[in-house]
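# Fold and geometry: a report
Here are the chains, one letter per residue:
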Amino acid sequence: MSALTQEKAISAFKALGIKLTQPSEKLEAIIARAEGSNAWFTADNIKKAILSFAEMLNSADIDAWFANMSYTNTPKKIGLILAGNIPMVGLHDVLCVLATGNVALIKLSSTDDQLIKAVINLLTEIEPSFENKVVYVERLKDFDAVIATGSNNSSRYFDYYFGKVPNIIRKNRNSIAVLDGTETTADFANLGFDIFDYFGLGCRNVSKIFFPKGYDIAKFYEGIEHFLPVINHFKYQNNYDYNKSIYLVNAAKHYDNGFLLLKEDVNLASPLAVLFYEEYSDLISLKERLQQETQNIQCIVTKGNLETKTFAFGESQHPKLWDYADNVNTIDFLKDLEN
C-alpha cells in the first residue's frame, strides 16, 4: 500500500463528498440499523446530516481548506472522544485529523456507533491508505493529544484525565437567533430549520431567541407553523408534554402553539421542545450582552449586522469546513503539535 499524501487526501475527500450525495444501498442499510438503535436518529435526520457533510465536502471548499494546511511527516496519535447527540456530529474532528496526516484514535459514542464508521469505510474504499490512519478504541491510551466533546459535567472528567497533554475540551454551548422585526415568511421558514433540525438536540440548534421590544410573537408562530409535524415524534412529544405540564402546574407564563413552547428566560439553554426568549430595546445593549456570553454561544442566527460572525437563517446546521466548533481552529491546534 502506497503512502498517503496530501494530494491523495484531497482527491479522496472530494470523491467522498460526491458519494455522500447519493447514499448506496449498503449505507441505506446502515441508516436503517442506526434508526432502529436510536429513536432520535430518524432516517430523515440521518440523511440530512449526510447531505450536510456532502455539501461541506465540495471541491472548491476542499481546495480552499487545504490551501493553507500543512501535512505532517511525523504523524501524532490524536485521541477523539466523539459526541452522539445528533448523527455523525464528530465526523468533522475525524476529517481534521486525517486531513493533516495524523492518526485518529476514535472513541465512538454509544448512541452513534455505526454511521461514522460507515462514512470512514467509504473513505478507505476510495483511498486504502487511510486504513492506517484510523483506529477505533474503547479506551484512549498512548495518545499525543486529545479532542473531547461532551457536557459541562463530562468536561471536568476530561480535564482531569487529559489536562496534561495538548487538548481541545468542549463543553455545552447553545445557539441563538436575533430578530429585528423585518423578517419575511421565507426567513421564518428557514429559521425553523435552525430550531427543529435534529429535534433541537445539537449545539448549533437555536435554543434562545431575542425579539425586539414589543414584538408580536404571533408573527413568529405563524411563520413556523409548517413545522407542526415535529410533534408526531413520540420522544419530542413526551418532552413537549412534560415541559408544558411543569409550566402549567407552576403557573409559569409561557406561549404555546401546540408543538413549541416559548418562555421568557435569561438562560441560553432551554429544555427540549422549549424556546427561551428575551426582548431587547437597542442593539448596542444586545451586542454587549452577547459579547459577555461568547463562551456559551455556538452560533448566532440573524439577518442583521451584529459586528460578529453570524449565520443566515437556515444555515446553522450547514457549516463550512472552516466553521470549527467553539470557534477553536482544530487545524491550527493540530499544526501546533509539530512545534
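To keep things clear, this report deals only with the structure shown in the data block.

The rules behind these values
- Residues numbered from 1 in each chain as written.
- Predicted model: local features only at pLDDT ≥ 70, side-chain atom pairs only at ≥ 80, totals over all residues.
- Heavy atoms only, no water.
- Pairing = 2+ DSSP bridges.
- Helix = DSSP H or I, 4+ residues; strand = E, 2+ residues; numbered from the N terminus.
- Axes fitted to C-alpha atoms, helices over the stretch in contact; angles between N-to-C directions.
- Phe/Tyr/Trp six-rings, centres within 6.5 Å; stacked < 30°, edge-to-face > 60°.
- Buried < 20%, exposed > 50% of the residue type's maximum accessible area, 1.4 Å probe, protein only.
- Lys NZ or Arg CZ within 6 Å of the ring centre and 35° of its normal.
- Parallel < 35°, antiparallel > 145°, perpendicular 65-115°, else oblique.
- Left-handed = near helix turned anticlockwise from the far one by under 90°.
- Contact = heavy atoms within 4.5 Å.
- Nonpolar A, V, L, I, M, F, W, Y, C, P; charged D, E, K, R; others polar.
- Expected span 1.5 Å × (residues − 1).
- Arc of directions from axis to C-beta.
- Lys, Arg positive; Asp, Glu negative; His and termini not counted.
- Salt bridge = Lys/Arg side-chain N within 4 Å of Asp/Glu carboxyl O.
- Polar contact = N/O pair within 3.5 Å; in protein donor to acceptor, adjacent residues only side chain to side chain.

### Thoughts on the sheet that holds strand β3 (residues 134-136)
- Ordered in space as β3-β2-β1-β4-β5, the five strands form an open sheet in which the pairing is parallel. Unpaired on one side and paired on the other, β3 and β5 (167-170) mark the two borders of the sheet. Neighbouring strand axes in the sheet, compared pairwise and without regard to direction, differ in orientation by 15° on average.
- Pairing between strand β1 (residues 77-81) and strand β4 (residues 145-149): four bridges, direction parallel.

### Observations concerning unusual backbone geometry
- We note that Asp-142 has phi near 55°; this positive angle belongs to a residue other than glycine.
- Residue position: Asp-142 is located in the loop between β3 and β4.
- With a phi close to 60°, Asp-326 is a non-glycine residue in the positive phi region.
- Structurally, the position occupied by Asp-326 is in the loop between β11 (297-302) and α12 (330-336).

### Quick look at the packing of aromatic side chains
- The tally for this structure, following the rule as stated, stands at 19 aromatic pairs.
- Judged by centre distance (5.6 Å) and plane angle (80°), the rings of Phe-143 and Phe-162 are edge-to-face. With Phe-143 in the loop between β3 and β4 and Phe-162 in helix α7 (residues 152-162), the pair connects residues that are 19 residues apart, well separated along the chain.
- Residue classification places Phe-162 among the buried positions, given a relative accessible area of 8%.
- One cation-aromatic arrangement involves Lys-117 over Tyr-136; the distance from NZ or CZ to the ring centre is 5.0 Å.
- One Lys or Arg, Lys-309, reaches over the ring of Phe-311 and ends 4.9 Å from the middle of that ring.

### Thoughts on the environment of Asp-336
- You can see Asp-336 is positioned in helix α12.
- Measuring from C-alpha to C-alpha, the distance between Asp-336 and Pro-166 comes to 9.4 Å, with 170 residues separating the pair along the chain.

### Considering the packing of helix α5 (residues 91-99) against helix α6 (residues 115-126)
- Between α5 and α6, the shortest axis-to-axis distance is 11 Å and the interhelical angle comes to 30°. For the element pair α5 / α6, the angle class is roughly parallel. α5 and α6 meet at a crossing whose hand is right-handed. For the pair α5 and α6, contact is made by Leu-91, Val-94 and Leu-98 and by Ile-116, Val-119, Ile-120 and Leu-123, respectively.
- Along the lines of polarity and charge, the residues of the contact of α5 with α6 split into seven nonpolar, no polar and no charged.

### Notes on helix α1 (residues 6-20)
- A rise of 1.5 Å per residue sets the reference length of α1, with its 15 residues, at 21 Å; its end C-alpha atoms lie 21 Å apart and thus fit the reference within 8%.
- Here α1 has its buried residues at Gln-6, Ala-9, Ile-10, Ala-12, Phe-13, Leu-16, Gly-17 and Leu-20. Across the axial projection of α1, the buried residues extend over an arc of 170°, all falling on one side. Among the exposed residues of α1, those pointing more than 90 degrees away from its buried face are Glu-7 and Ile-18.
- Of the surrounding elements, those touching the buried residues of α1 are α2 (25-37), α3 (43-56), α4 (59-67), α5 and α6.

### Here's the deal with the side chain of Glu-183
- Inspection of the secondary structure puts Glu-183 in the loop between β6 (174-178) and α8 (185-196).
- Comment: no salt bridge for buried Glu-183; closest opposite-charge side chain is Lys-303, at 5.7 Å.
- Here the side chain of Glu-183 touches Asp-180 through a polar contact of 2.8 Å, landing on its backbone nitrogen.
- For Glu-183, the contacting residues outside a window of four places in its chain are Val-178, Phe-188, Lys-303 and Phe-313.

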